[in-house]
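So the chains spell out like this:
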Amino acid sequence: MPENRDKLKSYISSVILMAEADAKIVMDEVSEAEAKALESAEALESAEADRRIAEGAAAAKAAEEKRVVASRLCTRRRLLEYREYCAGQAFEEVRKRIEAYTATPEYAEKLCALLVKAYGGMPGITAARVFLRQADMKYQDALAARLPEVRLEFVEGRFVLGGLILMSEEKARRVDLTFDSGFSDLSGRFSEITGFCVED
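Residues numbered from 1 in each chain as written. Predicted model: local features only at pLDDT ≥ 70, side-chain atom pairs only at ≥ 80, totals over all residues. Heavy atoms only, no water.

(A) Quick look at the pattern of salt bridges. In the structure shown here, the tally under the stated rule is 8 salt bridges. Close ionic contact of Glu64 with Arg67 constitutes a salt bridge, the shortest N to O distance being 2.7 Å. Pair noted here: Glu64 and Arg67 are both in helix H2 (residues 58-101), with a separation of 3 residues, about one helical turn. We classify Glu64 as buried; its relative accessible area is 3%. Taking the relative accessible area as the measure of exposure, Arg67 reaches 33% and is therefore partly exposed. What you see here is one network of salt bridges that share partners, running through Glu45, Glu64 and Arg67. (Salt bridge = Lys/Arg side-chain N within 4 Å of Asp/Glu carboxyl O. Helix = DSSP H or I, 4+ residues; strand = E, 2+ residues; numbered from the N terminus. Buried < 20%, exposed > 50% of the residue type's maximum accessible area, 1.4 Å probe, protein only.)

So, in structure tokens, the structure goes:
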């Protein structure tokens, strides 16, 4: 059992590390492309602005400055769109890896370990609801065998990636150990984890 948990933890850690590494590579590429694009755009726009300003009057200068600002904003918007695309690609890769993991034999053991972990947050309960994906309902017997002292009711949850939710009315507690929640947390902390911010 501990060996399987260690393997599972190691597997999940490696998936997260790979996703973080992918995101770091994308972030580096975007930063480099952004710097080159901005440098090139600024050089071109600056040269054009200098020529027109030298030829024109104050009105031409004001109009040209507006055009330079608009051009820079357009360039920055395109770079932001590319960053958002890259972030979307990274999240899609993580989602695919999670989906692949839930199709492995190790996933059933992971569900059992999650149930025991959730139960640890509300010891002494005698009954609880376990929310699972429809695809995971086949693991009911294995899960029930892990907590024979607790009367478990299995209910289909409203999540899609995997994991489970344990809810006890006795303790008025709910422990959410779904992969969906973990994925959402990872998405919310994407900038923090990778340093890749799509709002810049």
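(B) Representation of the nonpolar core. Core analysis: the largest hydrophobic core is formed by 31 residues, its most contacted members being Leu115, Val130, Leu132, Leu143, Leu152, Leu164 and Leu166. Among the elements of the structure, H2, helix H3 (106-120), strand E1 (127-132), strand E2 (151-156), strand E3 (163-168), strand E4 (173-178) and helix H5 (179-188) are those that each provide at least two residues to this core. Among the elements that line this core, the one with the most residues is H3, at 7 residues. Ignoring anything within four residues of it in the chain, the contact list for Leu143 reads Leu111, Cys112, Leu115, Leu132, Leu152, Phe154 and Leu164. (Core = buried A, V, L, I, M, F, W, Y, C linked by side-chain atoms within 4.5 Å. Contact = heavy atoms within 4.5 Å.)

(C) Quick look at H3. Counted at 1.5 Å a residue, the expected span for H3 with its 15 residues is 21 Å, and the 21 Å between its end C-alpha atoms agrees. By the burial criterion, the buried members of H3 are Tyr107, Lys110, Leu111, Cys112, Ala113, Leu114, Leu115, Ala118 and Tyr119. (Expected span 1.5 Å × (residues − 1).)

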